[in-house]
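Coordinate analysis (summary)
Below, each chain spelled out in residue letters.
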Amino acid sequence: DAGVIQSPRHEVTEMGQEVTLRCKPISGHNSLFWYRQTMMRGLELLIYFNNNVPIDDSGMPEDRFSAKMPNASFSTLKIQPSEPRDSAVYFCASSRLAGDYNEQFFGPGTRLTVL
Amino acid sequence: DAKTTQPTSMDCAEGRAANLPCNHSTISGNEYVYWYRQIHSQGPQYIIHGLKNNETNEMASLIITEDRKSSTLILPHATLRDTAVYYCIVRVQYGGSQGNLIFGKGTKLSVKP
């Protein structure tokens, strides 16, 4: 299996621009998670989906952030408009089960720099 | 907030056992102890988890004290590739937000030749 795939791996944009991060979970996994990692705040859960349905988005920092999962094999995290403080590494993770023990498999991350 | 306390950093000689401690004095009866690690510039990687019994897999061993208030992750023969930040996490093993992984600051393990 190719593992969790994220694109792009690096993104540099200017303040005010729209940014879209993409994630392809491992086939057969039905839970998907978006995390953000910064030096100051560490690794934080932003939102997670079970069976393509958003379950908990309490970690989404602002209305500028939105996430979708139109099908079981694709999810996006969008920031509009982007700000310099959004600069971080964004990880996507997936797991096999929504409920019982589930090892989360993380993607390689997208390093976002907002100038 | 993370429910665990870990040392900020540790060193280990290559080939020796690395013992990483974790305190989780407020752990609930239905919460498991999970360990993940994050090698530089990569996503976190699952290592092992346990409830109250000691556990072992191909990567590591997990020793949980009888009162479950602390645990130790053991890498039996550390290599340079084990240099990473190790996260100890307690969580329930069912769905819902209580089952979310909450990462603290972890322990930065440096394996030295």
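Worth saying up front: this structure is predicted, and the values here are computed from it rather than measured. (Residues numbered from 1 in each chain as written. Chains lettered and ligands numbered in written order. Predicted model: local features only at pLDDT ≥ 70, side-chain atom pairs only at ≥ 80, totals over all residues. Heavy atoms only, no water.)

Brief notes about the sheet that holds strand 6 (residues 61-64) of chain B
Two orientations exist for strands paired in a sheet by backbone hydrogen bonds: parallel and antiparallel. All names here are of chain B. The antiparallel open sheet is built from 4 strands, whose spatial order is 2-7-6-5. Lying at the two open borders of the sheet, with one neighbouring strand each, are strand 2 (18-23) and strand 5 (55-56). Here strand 6 runs beside strand 7 (residues 70-75); their pairing, made up of 4 bridges, is antiparallel. Residue pairing in the sheet places Ile64 in a bridge with Ser71 of strand 7. (Pairing = 2+ DSSP bridges. Helix = DSSP H or I, 4+ residues; strand = E, 2+ residues; numbered from the N terminus.)

A look at the layout of surface pockets
Approximately 1200 Å³ is the volume found for the largest pocket. Around the largest pocket, the lining comprises 44 residues; the ones closest to its centre are Gln37, Thr38, Gly42 and Leu43 of chain A together with Tyr87 of chain B. Tallying contributions element by element places strand 5 (residues 42-50) of chain A first for the lining of the largest pocket, with 6 residues. Looking at the lining of the largest pocket residue by residue, the class counts come to 17 nonpolar, 19 polar and 8 charged. (1 Å grid on protein atoms, 1.4 Å probe; cavity = no way out; pocket = protein on both sides within 12 Å on 5 of 7 lines; lining within 4 Å. Points joined across faces, edges and corners; volume = space filled by probe spheres on them. Nonpolar A, V, L, I, M, F, W, Y, C, P; charged D, E, K, R; others polar.)

Regarding the packing of aromatic side chains
For the structure on display, the rule yields 11 aromatic pairs over all chains. Measuring from ring centre to ring centre gives 5.4 Å for Phe33 of chain A and Tyr48 of chain A, while their planes differ by 25°; the resulting arrangement is stacked. You can see Phe33 of chain A sitting in strand 4 (residues 31-38) and its partner Tyr48 of chain A sitting in strand 5, a full 15 residues away along the chain. Consider the rings of Tyr35 of chain A and Phe106 of chain A, whose centres lie 5.1 Å apart with planes at 40°: the pair is tilted. With Tyr35 of chain A in strand 4 and Phe106 of chain A in strand 10 (residues 105-106), the pair connects residues that are 71 residues apart, well separated along the chain. The buried category is assigned to Tyr35 of chain A, whose relative accessible area is 0%. Look at Phe106 of chain A and you get buried, because its relative accessible area is 12%. Joined through ring pairs, the aromatic side chains of Phe33, Tyr35, Tyr48, Phe91 and Phe106 of chain A together with Tyr34, Tyr36, Tyr46, Tyr87 and Phe103 of chain B make up one cluster. (Phe/Tyr/Trp six-rings, centres within 6.5 Å; stacked < 30°, edge-to-face > 60°. Buried < 20%, exposed > 50% of the residue type's maximum accessible area, 1.4 Å probe, protein only.)

Points about the side chain of Asp86 of chain A
All names here are of chain A. By the secondary structure assignment, Asp86 is in the loop between strand 8 (74-79) and strand 9 (88-95). Looking at Asp86, its side chain comes within polar contact range of the side chain of Arg64, at 2.7 Å. Beyond its immediate chain neighbours, meaning those up to four positions away, Asp86 contacts Arg36, Arg64, Phe65, Ile79, Pro81, Leu112 and Val114. (Polar contact = N/O pair within 3.5 Å; in protein donor to acceptor, adjacent residues only side chain to side chain. Contact = heavy atoms within 4.5 Å.)

Some points on the environment of Ala18 of chain B
By secondary structure assignment, the location of Ala18 of chain B is in strand 2. Not counting the four nearest positions on each side in its chain, Ala18 of chain B is found in contact with Cys12, Leu73, Ile74, Leu75, Ala78 and Leu109 of chain B.

Details of the pattern of salt bridges
By the definition in use, this model includes 10 salt bridges over all chains. Between Arg64 of chain A and Glu62 of chain A there is a salt bridge, with its nearest N and O atoms 2.8 Å apart. A relative accessible area of 26% means that Glu62 of chain A is categorised as partly exposed. As a salt-bridge pair, Lys3 of chain B and Glu31 of chain B come within 2.6 Å of each other at their nearest N and O atoms. (Salt bridge = Lys/Arg side-chain N within 4 Å of Asp/Glu carboxyl O.)

Notes on the pairing of strand 4 (residues 45-50) of chain B
Residue and element names in this part refer to chain B. Among the 6 residues of strand 4, 5 are classified as buried, and the element is accordingly described as predominantly covered. The pairing of strand 3 (residues 31-38) with strand 4 spans 5 bridges and is classified as antiparallel. Looking at strand 4, one finds that Tyr34 is bridged to His49. Adjacent in sequence and paired antiparallel, strand 3 and strand 4 are bridged by 6 residues, among which Ser41 carries a positive phi angle near 70°.

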